[in-house]
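Topology and contacts: notes
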Amino acid sequence: MCELMTITAAIIFTVLYFKVLRTPAVFATMLMFWGAALMWSVDCVHSAMEGEGLFDLSLEDTYLGLIILAFGLAFFGVMLFFERLSIERRRTLAAA
């Protein structure tokens, strides 16, 4: 389930970056989610090669996916905060 969640988040941030908001915070978060999706894809393929199911749809894996999303969104919020703070400092210095 965490694989599906990270792929969905990566797609959402990719669309957000290319269609709506081209900022370093969105770009960095997009790359983080794509990296996580790639990592989980390798894990899913490895599990499938060992005879397990391709996707783990257990409750624990859902919790893991929610934790990944929460930390990714928290990272995005922190990056966006510092990005806006930097913009405000530049405006203040330019006005002075």
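Described below are features of the structure shown in this document.

1. Notes on helix α3 (residues 59-95)
One full turn of an α-helix is made of 3.6 residues, so residues set three or four places apart face in the same direction. Helix length check: α3 (37 residues) gives 54 Å between terminal C-alpha atoms against 54 Å at 1.5 Å per residue, within 8%. The set of residues buried in α3 consists of Asp61, Thr62, Gly65, Ile68, Gly72, Phe76 and Glu83. Tucked inside the fold, the buried residues of α3 contact α1 (2-20) and α2 (24-49).

2. Some details on the packing of aromatic side chains
In the structure shown here, the tally under the stated rule is 5 aromatic pairs. Between Phe13 and Phe76, the ring centres sit 5.2 Å apart and the planes meet at 75°, which makes this aromatic pair edge-to-face. Here Phe13, found in helix α1, pairs with Phe76, found in helix α3; they are 63 residues apart in sequence, far enough to count as distant. Take Phe13: its relative accessible area is 6%, and that puts it in the buried class. Where Phe81 meets Phe82, the ring centres are 5.4 Å apart and the plane angle is 70°; that geometry is what we call edge-to-face.

3. Some remarks on the side chain of Thr62
Relative to the helices and strands, Thr62 is located in helix α3. Residue classification places Thr62 among the buried positions, given a relative accessible area of 18%. Discounting residues that sit within four places of it in the chain, Thr62 has contacts with Met1 and Met5.

Thresholds applied
- Residues numbered from 1 in each chain as written.
- Predicted model: local features only at pLDDT ≥ 70, side-chain atom pairs only at ≥ 80, totals over all residues.
- Heavy atoms only, no water.
- Helix = DSSP H or I, 4+ residues; strand = E, 2+ residues; numbered from the N terminus.
- Expected span 1.5 Å × (residues − 1).
- Buried < 20%, exposed > 50% of the residue type's maximum accessible area, 1.4 Å probe, protein only.
- Contact = heavy atoms within 4.5 Å.
- Phe/Tyr/Trp six-rings, centres within 6.5 Å; stacked < 30°, edge-to-face > 60°.

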